[in-house]
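In case you want the letters, here they are:
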Amino acid sequence: MRHLITLALVAAAPALFANGNSATATATVGVKIVAPIALVNPDQSKLDFGMVTVSDPTLPIKVVFPGGANAISSYENCDPYANGANKGSQAWFHVRKDHDLGWGNVNISVPPTVDLGHGVLVTTDSTVLQPCFTLNGQPAFLSNTTQDDMKHFWVGGTLDAPANTYGAFSAIMTVTASYQ
């Protein structure tokens, strides 16, 4: 009988004691889903230096049209076209972010230069993000965005053109907003 008890304990041992072939642990599983960042040019504004008349065709021209609501243009070796109908405009952008992310998590990338061809080059100048007070044309609010999650900025710049350059010049400027 003593042998039967010993055999029964030996046979039951794997069931009574862990054999080291497995172990368990736990981990929390989660996710934070944020609203997509949005960037729009609501009224299809353009960085437009307007129309200028060259003063001395043997010299290059420069038009400075800085970014900002109260920007004042300046002209070197040229003047705004006499009728004043086409004095230029800045590009204007709106950005919307997730409410739970601070503005420090948003990166705005404006190309430092835009080549218009034939030696005509624009060096961009953008303003800092500013609060929006109107909602016309801005990205739609989402369930986790508020007025505080909307800002806007302007892009202006400096246009340089070599001597004896005439005609209409344009290119596309791609501005990007991303989370960092």
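Above: the structure in question.
Rules used throughout
Residues numbered from 1 in each chain as written. Predicted model: local features only at pLDDT ≥ 70, side-chain atom pairs only at ≥ 80, totals over all residues. Heavy atoms only, no water. Salt bridge = Lys/Arg side-chain N within 4 Å of Asp/Glu carboxyl O. Helix = DSSP H or I, 4+ residues; strand = E, 2+ residues; numbered from the N terminus. Polar contact = N/O pair within 3.5 Å; in protein donor to acceptor, adjacent residues only side chain to side chain. 1 Å grid on protein atoms, 1.4 Å probe; cavity = no way out; pocket = protein on both sides within 12 Å on 5 of 7 lines; lining within 4 Å. Points joined across faces, edges and corners; volume = space filled by probe spheres on them. Nonpolar A, V, L, I, M, F, W, Y, C, P; charged D, E, K, R; others polar.

Draft legend 1. Focus on the pattern of salt bridges. Evaluated as defined, the whole model comprises three salt bridges. Note that K32 and D100 form a salt bridge whose closest N and O atoms lie 2.6 Å from each other. Of this pair, K32 sits in the loop between α1 (2-16) and β1 (38-40) while D100 sits in the loop between β6 (91-96) and β7 (106-109), placing them 68 residues apart in sequence. K97 is the partner of D149 in a salt bridge, and the nearest nitrogen-oxygen pair spans 2.8 Å. Of this pair, D149 sits in the loop between β10 (130-131) and β11 (150-161) while K97 sits in the loop between β6 and β7; the two residues are 52 residues apart in sequence, bridging distant segments of the chain.

Draft legend 2. Main features of the environment of D100. Spatially, the C-alpha atoms of D100 and K32 are 9.9 Å apart, while their sequence positions differ by 68 residues. At 2.6 Å, the side chain of D100 forms a polar contact with the side chain of K32.

Draft legend 3. Structural detail: empty space enclosed by the protein. Scanning the entire structure with this criterion turns up one cavity of 30 Å³ or more. The volume enclosed by the largest cavity comes to roughly 40 Å³. Taken together, V54, P57, L59, I61, A161, P162, A163, N164, T165 and Y166 make up the lining of the largest cavity. Tallied by class, the residues present in the lining of the largest cavity amount to eight nonpolar, two polar and no charged.

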